[in-house]
Structures are given as structure tokens and as C-alpha cells.
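# Overview (structure and organization)
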Amino acid sequence: MFLYIKYMVSLRCKMVVKEELKKLGLHYVNVDLGTIEILEDITDFQRDALRKNLKRYGLELLDDRKKIIIEKIKSIVIEMIHYSDEMPKVNYSDYISEKLGYDYTYLANTFSEVKGITIQQFIIINKIERIKELLLYDELNLTEISYLLHYSSVSHLSNQFKKITGLTPSYYKKLKKKRLKNLEDI
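Residues numbered from 1 in each chain as written. Predicted model: local features only at pLDDT ≥ 70, side-chain atom pairs only at ≥ 80, totals over all residues. Heavy atoms only, no water.

## Brief notes about the pattern of salt bridges
All chains considered together, the criterion is met by ten salt bridges. Between Glu-71 and Lys-74 there is a salt bridge whose closest N-O contact spans 3.3 Å. Taken together, the residues span about one helical turn, with Glu-71 and Lys-74 both in helix 3 (residues 65-83) at a distance of three residues. Classification of Lys-74 as buried rests on a relative accessible area of 10%. We note a salt bridge from Lys-132 to Glu-129, for which the minimum N-O separation is 3.1 Å. (Salt bridge = Lys/Arg side-chain N within 4 Å of Asp/Glu carboxyl O. Helix = DSSP H or I, 4+ residues; strand = E, 2+ residues; numbered from the N terminus. Buried < 20%, exposed > 50% of the residue type's maximum accessible area, 1.4 Å probe, protein only.)

Here you go:
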């Protein structure tokens, strides 16, 4: 049996969900970002208890089909951009469609209807957050980051970064260093 969880976007969330399943005596096969596969059928009491317990951690047990699809899309994008060592070599639309087994047009229309933004905009927002993270780690230069995240060029990455954040990647990096210097002066 599969259960779907909203806002489950990190390894810490997975640990919380595993602990809550354990408390309810539910045995899981797999706990992934946004998805749980359990061995047994879940009772109404267990479902309500799980829903209540997850809510304390800002997580939500989903029942609505559209919301479940949205969470699956979000989980795939987050996994692909933030936790994968390598981005898929195919178009994102083909990758998402293949992973979920739905026509991309249906997925895109459902996502836009529920979230108010396109899947592509969601991907860009997540890529920008990943770029910020990589800039703060200071382990890769912009050329390496643009290659890692499949940008056609550093200028494409920089233009998209500035469009979303209002800052150039270089300036964003300088701000980080300036904040660190200010903390050191204290």
C-alpha cells in the first residue's frame, strides 16, 4: 500500500516519517521523498493518528489525487536537482513523464492549475536554490555549477539567477563573504 506525504523534502523528513510509522506499528518497505510503501493495510485509526502526528512536523498525509500527483512531481524535481549526483540527460518533461507514467501535458496542466506556476518555473526556482547552496559551499566555480545543472552557458545561468534573485551570482557570493567578515569582526 502506498501513502503520499506533502512537504516531505529532506532526509530529516524521511527520518520523522519512519519514526512515526514505527510508533503506529506500521512496517514500511520504502520511505522516499513524498512516498511511503507499507506492507499492511492501514486502519482508519492508524491513518488519523499518522495524519495528526505528521502535522506536528509540518507534514501532511494526502488523499486528493491531484495533490498526490503534484507532490510526486515536486519530489522528482527536488530529488533530481538537490540530491542527485547527475542530472538526467533527457528533457525534464520526458524524465518526469516517464517517472510518473503520465502524459506530460496532463502533468503540466494539473501542476499549473494547483500550484499557480508551471513545472518549468518550479524547476528554475529549485535550480536557483541549488546554485545558492553551491555558491555558499564555495567548492565549485560558476562554469562547473553551470555544467552540473545543465545550463547551456555561464551567462545563461547568470541571467536566470539575476532574473530570479535580482543579484548576479558573483555579487551573491560577495555578500556571503561580507557577512562572514562582519561576524568575524564581532
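## Here's the deal with the nonpolar core
With 31 residues, the main nonpolar core has Ile-73, Val-77, Ile-96, Ile-119 and Ile-131 as its most contacted residues. When contributions to this core are tallied by element, the ones reaching two or more residues are helix 3, helix 4 (92-100), helix 5 (104-115), helix 6 (119-137), helix 7 (142-148) and helix 8 (154-165). Sequence-distant contacts of Ile-73, defined by excluding residues within four places in its chain, comprise Ile-96, Leu-100, Leu-107, Phe-111 and Ile-119. By size, the runner-up hydrophobic cluster in this structure holds 18 residues, among which are Cys-13, Ile-38, Ile-42 and Ala-49. (Core = buried A, V, L, I, M, F, W, Y, C linked by side-chain atoms within 4.5 Å. Contact = heavy atoms within 4.5 Å.)

## Concerning the packing of helix 3 against helix 4
Two elements in contact, helix 3 and helix 4, have axes whose closest approach is 11 Å; the angle formed by their N-to-C orientations is 125 degrees. By the angle between their axes, helix 3 is oblique relative to helix 4. At the point where helix 3 passes helix 4, the crossing takes the right-handed sense. Within the contact between the two elements, helix 3 uses Lys-72, Ile-73, Ile-76, Val-77 and Met-80 and helix 4 uses Tyr-92, Tyr-95, Ile-96, Lys-99 and Leu-100. Residue composition of the contact of helix 3 with helix 4, by class: eight nonpolar, no polar and two charged. (Axes fitted to C-alpha atoms, helices over the stretch in contact; angles between N-to-C directions. Parallel < 35°, antiparallel > 145°, perpendicular 65-115°, else oblique. Left-handed = near helix turned anticlockwise from the far one by under 90°. Nonpolar A, V, L, I, M, F, W, Y, C, P; charged D, E, K, R; others polar.)

## Section: unusual backbone geometry
A positive phi angle, near 60 degrees, is found at Asp-138, a position not held by glycine. Within the element layout of this structure, Asp-138 appears in the loop between helix 6 and helix 7.

## Here's the deal with the packing of aromatic side chains
If you walk through the whole model with that rule in mind, you get three aromatic pairs. Ring plane angle 35 degrees and centroid distance 5.5 Å describe the contact between Tyr-102 and Tyr-106, whose orientation is recorded as tilted. Its relative accessible area of 26% is what places Tyr-102 among the partly exposed residues. Residue classification places Tyr-106 among the partly exposed residues on the basis of a relative accessible area of 30%. (Phe/Tyr/Trp six-rings, centres within 6.5 Å; stacked < 30°, edge-to-face > 60°.)

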